[in-house]
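Fold and contact review
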Protein chains: 2
Amino acid sequence: MKLEDEIQQRAFKNAYQKAHLNVVFTAGWLQQRLAAAFKPYGLTLPQYNVLRILRGQHPKPATVNLLIERMLDKTSNASRIVDKLEAKHLVTRQICPSNRRAVDIRITEAGLELLRQTESLADGQSQGLHNLSAEEAAQLSDLLDKIRD
Amino acid sequence: MKLEDEIQQRAFKNAYQKAHLNVVFTAGWLQQRLAAAFKPYGLTLPQYNVLRILRGQHPKPATVNLLIERMLDKTSNASRIVDKLEAKHLVTRQICPSNRRAVDIRITEAGLELLRQTESLADGQSQGLHNLSAEEAAQLSDLLDKIRD
DNA sequence: TGGGAACCAATGTTGCGACATATAATGTAT
DNA sequence: ATACATTATATGTCGCAACATTGGTTCCCA
């Protein structure tokens, strides 16, 4: 649907304002769909992303610092997201022996299994972008990169 | 900066996955900058957006329903955002005489004045997109519209 | 080696998104 | 007119973002 109709706004000041709103609105649209896909598994998107990072490290542990570095949202509260995952026994937390300030966080077998079950979800959702051609998707990425230059 | 560096991820499965992440990441980047611009004025972005809608209606009142319809995020809690604005005397709330279920919400003079002071902020931020040409911005919007088709 | 700087994680607070439920007012059908 | 559905808003709960602060640990160097 055209942005004008989605947000009930008739006109935009210029192409920049419209593109700005469109990026924000489309991101929300994508995230909402993705979150809905993970909901049946009791996972929120931030929790899913942390699990993915932990799987990437497996069987090595990760620290909270490493999670923050790797997360899309640097200012999120990784520590409290790990709380939730720990309560669901999807990760373990253990004081790092070589540096007792840090905490070793590891994904459990249950966590790995849950990721296996949800394997196709994220890809499936990215394929919501398949009304674009691969070239258009690449072009979109380039334009977005340019914004943040 | 290139997305790969921003999120410390070396490779993407395909152009679709990369574009998906890039939309989400760029939206967060834009919103964070915009929120920072409004912070000195004690306004959050949802509060600002509600004020803008109310100015659009002024001097007619708006209802909570109308706010929800017009907001980017339909599932937000408009009622509680109005609470915050009311506490800051930027809006007034009054039971609608002709339909006592509804509530007439109006922007106050203080609210209008605050919008005047922040007039340039949103535009200024959209101009963060000015490393794009107007054509590129339009093209970006078209690609995003296509995603949501 | 003693003390302050730097580091790492946890916690407290505020505001919002998502979702379910409550409460009150209005509309409608018989 | 009464019962029932519908509408409009408010409220409760959970999880997360943003930001500040705290507490414990390690580092470094004078």
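For clarity, every value in this text was computed on a predicted model and none was experimentally measured.

Points about the side chain of A:Q47
All names here are of chain A. Among the structural elements, Q47 can be located in helix α3 (residues 45–57). A relative accessible area of 8% means that Q47 is categorised as buried. In contact with Q47, other than residues within four places in its own chain, are G42, I81, K84, L85 and K88.

Observations concerning the protein's contact with DNA strand D
Around DNA strand D, 25 residues are found, and the nearest of them are A:T44, A:D73, A:T75, B:S79 and B:R80. The sugar-phosphate backbone supplies 76% of the atoms of DNA strand D found within 4 Å of the protein. Contact distances for DNA strand D include 3.4 Å between a phosphate oxygen and a side-chain N or O atom of A:S76. The element that contributes the greatest number of residues to the surface near DNA strand D is helix α5 (residues 78–87) of chain A, accounting for 3 residues. For the surface near DNA strand D, the per-class residue count stands at 5 nonpolar, 11 polar and 9 charged.

Points about the interface of chain A and chain B
Contacts between chain A and chain B engage 53 residues on the former and 53 residues on the latter. Both sides together, the interface formed by chain A and chain B hides about 5600 Å², and carbon and sulfur atoms give 60% of it. Run the count over chain A and chain B and you get 4 salt bridges. Ionic pairing is found between A:K146 and B:E136, a salt bridge with its closest N-O pair at 2.5 Å. On inspection of chain A and its partner chain B, the count reaches 20 residue pairs in polar contact (both at pLDDT 80 or more). Counting only elements with at least two residues in the side of chain A that touches chain B, the list comes to α1 (3–6), α2 (15–38), α4 (64–70), α7 (119–126) and α8 (134–147) of chain A. Sort the elements by how many residues they give to the side of chain A that touches chain B and α2(A) lands first, with 18 residues. Looking at the side of chain A that touches chain B, its residues break down into 24 nonpolar, 16 polar and 13 charged.

Calculation notes
- Residues numbered from 1 in each chain as written.
- Chains lettered and ligands numbered in written order.
- Predicted model: local features only at pLDDT ≥ 70, side-chain atom pairs only at ≥ 80, totals over all residues.
- Heavy atoms only, no water.
- Helix = DSSP H or I, 4+ residues; strand = E, 2+ residues; numbered from the N terminus.
- Buried < 20%, exposed > 50% of the residue type's maximum accessible area, 1.4 Å probe, protein only.
- Contact = heavy atoms within 4.5 Å.
- Near = heavy atom within 4 Å.
- Polar contact = N/O pair within 3.5 Å; in protein donor to acceptor, adjacent residues only side chain to side chain.
- Nonpolar A, V, L, I, M, F, W, Y, C, P; charged D, E, K, R; others polar.
- Buried area = accessible area lost by both parts, 1.4 Å probe.
- Salt bridge = Lys/Arg side-chain N within 4 Å of Asp/Glu carboxyl O.

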